Amino acid sequence: MYFLFTIIKQTTRNFLLTWSSQIFTLLTVGLSVLIFSFFYLVYTNVIDGAQQLGDDLRLTVYLDEQPGKELQEEYRYKIKKFDRVDKIVFVSSKVAYDRFAEQLGDDKDILNDMPQDFLPPAIEVYPIKTLDTLVRIKQFSDYLQTLPGVLKVQYGREWVERFYSFIQLLRIIVILSGSLLILTTTFTVAHTIRLTILGRKKELELLRLLGASSTYIRLPFFLEGALQGLLGSASGIGALYLLYNWMKLRLAGTTMVNLFSFSFFEPPIILAIIILSTVLCASGSFSSTRKFLHI
Amino acid sequence: MQQRIKKPKVMIDLIKVSKMYPPKVEALADISITVNKGEILFLTGMSGAGKTSLLRLLCRREKPTKGFVEVAGEDLSKLSSRKIQKMRQNIGIAHQDFKLLPNRTVAQNIAISMEVSYKTPVHIRRRTKKLLSQLGLSNKINTLAGELSRGEQQRVTIARAVANEPELILADEPTGNLDSETTGLVMDLFNECNQKGATIVIATHDESIYKNTSHRIIELSQGYMVKSDDAVWPILSGIDPSQEEHPESIGH
Ligand SMILES: Nc1ncnc2c1ncn2[C@@H]1O[C@H](COP(=O)(O)OP(=O)(O)OP(=O)(O)O)[C@@H](O)[C@H]1O
Ligand SMILES: [Mg+2]
């Protein structure tokens, strides 16, 4: 049995026979993977970034008067009832005053005439840093507003909402480019396989007369599709990696990099993208042989 | 020899076979032929007599309109496509129109018939070289098939037909483009295959190859069998005369 050798030989022949459209297919698959994985990379990093930027994610609840120990416990209990939180800090008027003075620095003289309790006491609520909390922050704020003795709830509302819709947009782009990836790869692969089949029509007829098994005839086409997926997606990811490194070099030292610690895909994700594209292309070629190869 | 006799002796059994092509071409009519294992049969007749049609039925390229076609004891109309594939790997066909792949080399064209049954590359190379030297084509091994003369192409077709050492060889007009000396090479090759046990059916107009033969000759005319020269063949003895004459060549 020299099964594998013969099949591989046949597959190589197919590649050489229609090499120009093979290259075109590789480019298409590679580019689709590049586009998809680019947006996906941005998406995952933005989500990671959201968690790092979570410090901004703070709700300040202003109270009408300084709560005593018992009341503090009650606030704590009620806040935790709504959602899990990272921490809750009570800020008295005095502390608020000191902080403000510190912020003013050299200009703190202007505070000299003010009473030390002119700022209201507050509770600072730090929600746990996940995207989920980001989505529900408005609800959280509305809930806090209903607690007794609350004057006002503040958070970086505009920033949070913009960020949220940005993530939604990214999500849509990732889904779209994913669909594009699926469509282009399956269609172009199916098309190239069809060309190969047509180009080898005479030979396939002869093979049938010689008693070639359907495995012998079909498997090379299937392998051809899978190989296109493998090589195409690997080069797509490779290109993205180069692009990533280039960007990193260009942006080194600028605030962009410090703001986001931009990182590349973990190996399992790279593997998943490559395997998925390979499976897609193989199924594209499979459907093509089903349609155009009548044995 | 003892074992050979126990195996089913009949290679081809055609029972009242007719073939009509649409709309109303009667290519074969009421043909009944039995060919034993190890036999060489000549199929003669004018152009259009139905020789190629008969060979096509034997490898299931066509189905008979009426009657039964049995090869190696199997009714071809009942075989699954898997079994047909297996059977075809055991039938070597030299097509009248060659069916070579013009942009492959001679060696590649011959290799195909062995590749489909996954022979090793070493075996394929050795076998190809041997056949080409037997047919006087050694110097053409790497020439593209499309660049060969008709006679050379014909010999490549024959080499491809016998390469996989099939049990049944169907040769359609194998010497049509060959001079008498080259014809001799081809017939020697067929005889060698026959001595190793192959059954051979040769469709031909070429009187020179069956004129002085001891093998059976069947003549077709407009689809009908007109002459069957059965007497020469000792059917009932169950002994292959060609093997009887050259017992030392077995297992060669
Ligand atoms: N596919 C086909 N469709 C219709 N008619 C066909 C077909 N193949 C063969 N025929 C007809 O069947 C008859 C027998 O043809 P066949 O090819 O078997 O003859 P042949 O004996 O091989 O002739 P030759 O010696 O010229 O090769 C002819 O009349 C031919 O026109
Ligand atoms: Mg013919």
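Keep in mind the model is a prediction, meaning the values are calculated, not measured.

### Some points on empty space enclosed by the protein
No. 1: Overall, the coordinates contain five cavities of 30 Å³ or more when judged by the stated rule.
No. 2: Quantified by volume, the largest cavity comes out at close to 60 Å³.
No. 3: Considering the residues around the largest cavity, the lining is formed by Leu210(A), Arg88(B), Gln89(B), Ile91(B), Gly92(B), Ser113(B), Val116(B), Arg160(B), Ala161(B), Asn164(B) and Pro166(B).
No. 4: Counting only elements with at least two residues in the lining of the largest cavity, the list comes to α3 (81-89), β6 (91-94) and α6 (150-163) of chain B.

### Looking at the coordination of the magnesium ion (ligand 2)
Residues and elements named next belong to chain B.
No. 1: Around the magnesium ion (ligand 2), the protein contributes the donor atoms Thr52 (OG1) and Gln96 (OE1), at 1.8 to 2.1 Å from the metal centre. Of the two residues, threonine 52 sits in helix α2 (residues 51-58) while glutamine 96 sits in the loop between β6 and α4 (106-115), which places them 44 residues apart along the sequence.
No. 2: Assessed through its relative accessible area of 23%, threonine 52 is described here as partly exposed.
No. 3: Exposure remark for glutamine 96: the relative accessible area of 38% places this residue in the partly exposed category.

### What to know about the site of ligand 1
Residues and elements named next belong to chain B.
No. 1: With respect to spatial proximity, 14 residues lie near ligand 1, and among them Ser47, Gly48, Thr52, Ser53 and Gln96 are the closest.
No. 2: Take glycine 50: an N or O atom from its main chain is 2.9 Å from an oxygen atom of ligand 1.
No. 3: Here an oxygen atom of ligand 1 sits 2.6 Å away from a polar atom, N or O, in the side chain of serine 53.
No. 4: Relative to its unbound accessible area of 620 Å², ligand 1 is 67% covered by the protein chains.
No. 5: Listed by contribution, the elements that provide at least two residues to the shell around ligand 1 are β2 (25-36) and α2.
No. 6: Ranked by residue count, the leading element in the shell around ligand 1 is α2, at four residues.
No. 7: By residue class, the composition of the shell around ligand 1 is five nonpolar, seven polar and two charged.

### Re the domain arrangement of chain A
No. 1: Looking at the assigned domains, one finds that chain A contains domain 1 (2-52 + 162-292) and domain 2 (59-154).
No. 2: The centre of domain 1 of chain A, based on its C-alpha atoms, is set 52 Å off from the matching centre of domain 2 of chain A.

Rules used in this analysis
Residues numbered from 1 in each chain as written. Chains lettered and ligands numbered in written order. Predicted model: local features only at pLDDT ≥ 70, side-chain atom pairs only at ≥ 80, totals over all residues. Heavy atoms only, no water. 1 Å grid on protein atoms, 1.4 Å probe; cavity = no way out; pocket = protein on both sides within 12 Å on 5 of 7 lines; lining within 4 Å. Points joined across faces, edges and corners; volume = space filled by probe spheres on them. Helix = DSSP H or I, 4+ residues; strand = E, 2+ residues; numbered from the N terminus. Donors = N, O, S within 2.8 Å, 3.2 Å for Na, K, Ca; no water. Buried < 20%, exposed > 50% of the residue type's maximum accessible area, 1.4 Å probe, protein only. Near = heavy atom within 4 Å. Polar contact = N/O pair within 3.5 Å; in protein donor to acceptor, adjacent residues only side chain to side chain. Areas by Shrake-Rupley, 256 points an atom, 1.4 Å probe, with all protein chains shown as cover. Nonpolar A, V, L, I, M, F, W, Y, C, P; charged D, E, K, R; others polar. Domains from an automatic or database assignment.

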